[in-house]
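Results of the structural survey
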Amino acid sequence: MSEKSAAIEVSQLTMKYGSSLIQQNLNFSVQKGDVFVIMGGSGCGKSTLLKHMIGLYQPAAGTIAYDGRDYFSATDIQQLKMRKRWGVTYQSGALFSAMTLAENVSLPLTQYTRMKPAEMADLVRYKLALVGLAGFEDYYPSEISGGMAKRAGLARAMALDPEVLFFDEPSAGLDPLSAKRLDDLILQLSQSLGVTIVIVTHELESIFAIGSNGVFLDAQTKTQLDTGAPSYMLNHSAQPLVRDFLSRGQGHQQRSGEICR
Ligand SMILES: Nc1ncnc2c1ncn2[C@@H]1O[C@H](COP(=O)(O)OP(=O)(O)OP(=O)(O)O)[C@@H](O)[C@H]1O
């Protein structure tokens, strides 16, 4: 039905911290060009899943494959190649406070490329402009707002032209307007550059505004309850808990009456 193909395949994934089970039997795929949302209540393991997907934690069982190759059974060199195709942004933006925005964004370029300084400066300017921060090259993180810091973090994650961008709670701590601006930016990056995006969020507005696909994790049963487009799950999930979550507790009524958003 879809022309998209899988960028990431998660199969029979079980995640644990020591002997403590977080989630088991996760099975879903992220298609190329998706804005894929990892959803679920507090503490169900969303961030833990993201950390497994970026190779920070080893699965207790199962595989996470990128373009058909399992990350955790790949060689160090293959893993490095895969990681170079990803960009990761963290909650705070995680900028280095002693560096200007330009220096922060150029960090991965210095690390992974042999670009000449002038070429690098042009690229950094371009990346900052992409996130609405043209002219802010010489500012320090302490001199800009929280929303701007997140966008600068995004520019840094975009420095190496990643194929997949990972976000952990990108709008946490932002006012509604800045959160909306960040959502618009994420959507724009996905649509104009074709970047595949994986995002942890429990902001319903974001989920519906940008999510084209997703997975819903449950803390109680410690497995996924559903996977698919959030807007479809809202009315059609076979799981009442998913419909409840996505409709702020109105799920049961909505299934019989269908919902208008
Ligand atoms: N490094 C760790 N070591 C041990 N347990 C952890 C670790 N990190 C998280 N946990 C536990 O694993 C469970 C899942 O945590 P995680 O942060 O992945 O959930 P989450 O769905 O992202 O939560 P939230 O929505 O509240 O941010 C929680 O019970 C948490 O306390």
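Residues numbered from 1 in each chain as written. Predicted model: local features only at pLDDT ≥ 70, side-chain atom pairs only at ≥ 80, totals over all residues.

1. Concerning the overall build of the chain
Looking only at helices and strands, the chain features 10 helices and 10 strands. A compact globule built from 261 residues would reach a C-alpha radius of gyration of about 18 Å, and the chain, at 19 Å, matches this within 12%. Judged by the C-alpha coordinates and their principal axes, the chain covers about 60 × 45 × 40 Å. Sorting the 261 residues of the chain into buried and exposed places 38% on the buried side. Put simply, 65% of the contacts in the chain that link residues at least 6 apart link residues at least 24 apart. (Helix = DSSP H or I, 4+ residues; strand = E, 2+ residues; numbered from the N terminus. Rg over C-alpha atoms; globule rule 2.2 N^0.38 Å. Buried ≥ 20, exposed ≤ 12 C-beta atoms within 10 Å, placed from the backbone. Contact = placed C-beta atoms within 7 Å.)

2. With respect to the site of the ligand
Neighbouring the ligand are the residues Y17, I22, G40, S42, G43, C44, G45, K46, S47, T48 and H202. For the shell around the ligand, the element with the highest residue contribution is helix α1 (residues 46-53), accounting for three residues. Partitioning the shell around the ligand into residue classes produces three nonpolar, seven polar and one charged. (Near = placed C-beta within 6 Å. Nonpolar A, V, L, I, M, F, W, Y, C, P; charged D, E, K, R; others polar.)

3. What to know about the sheet that holds strand β1 (residues 6-17)
On the basis of which strands lie adjacent, the open sheet formed by four strands has the order β2-β1-β4-β5 and antiparallel pairing. Two strands lie at the open edges of the sheet, namely β2 (20-31) and β5 (69-70), each paired on one side alone. When β1 meets strand β4 (residues 61-66), the two strands line up antiparallel, connected through five bridges. Along β4, the bridge assignment pairs V10 with I64. (Pairing = 2+ DSSP bridges.)

4. Considering helix α5 (residues 146-157)
The terminal C-alpha atoms of α5 lie 17 Å apart, and with 12 residues this matches the ideal 16 Å at 1.5 Å per residue to within 8%. Where burial is concerned, most of α5 is hidden: 11 out of the 12 residues are buried. (Expected span 1.5 Å × (residues − 1).)

5. A look at the confidence of the model for the chain
On average, the chain scores 88 in pLDDT, and the residues at 70 or more come to 93%. For the stretch residues 252-261, pLDDT sits under 50, and the model shows 12 contacts to residues farther than four places along the chain or on other chains. In the model output, the complex is listed with pTM 0.89 alongside ipTM 0.97. (pLDDT = per-residue confidence, 0-100.)

6. A few points about the packing of helix α3 (residues 101-112) against α5
Packing of α3 against α5 brings their axes to within 8 Å, and their N-to-C directions diverge by 30 degrees. For the element pair α3 / α5, the angle class is roughly parallel. By crossing handedness, the relation of α3 to α5 is classed as right-handed. Residues L101, N104, V105, L107 and P108 of α3 touch α5, and the partners they reach there are A152, A155 and R156. (Axes fitted to C-alpha atoms, helices over the stretch in contact; angles between N-to-C directions. Parallel < 35°, antiparallel > 145°, perpendicular 65-115°, else oblique. Left-handed = near helix turned anticlockwise from the far one by under 90°.)

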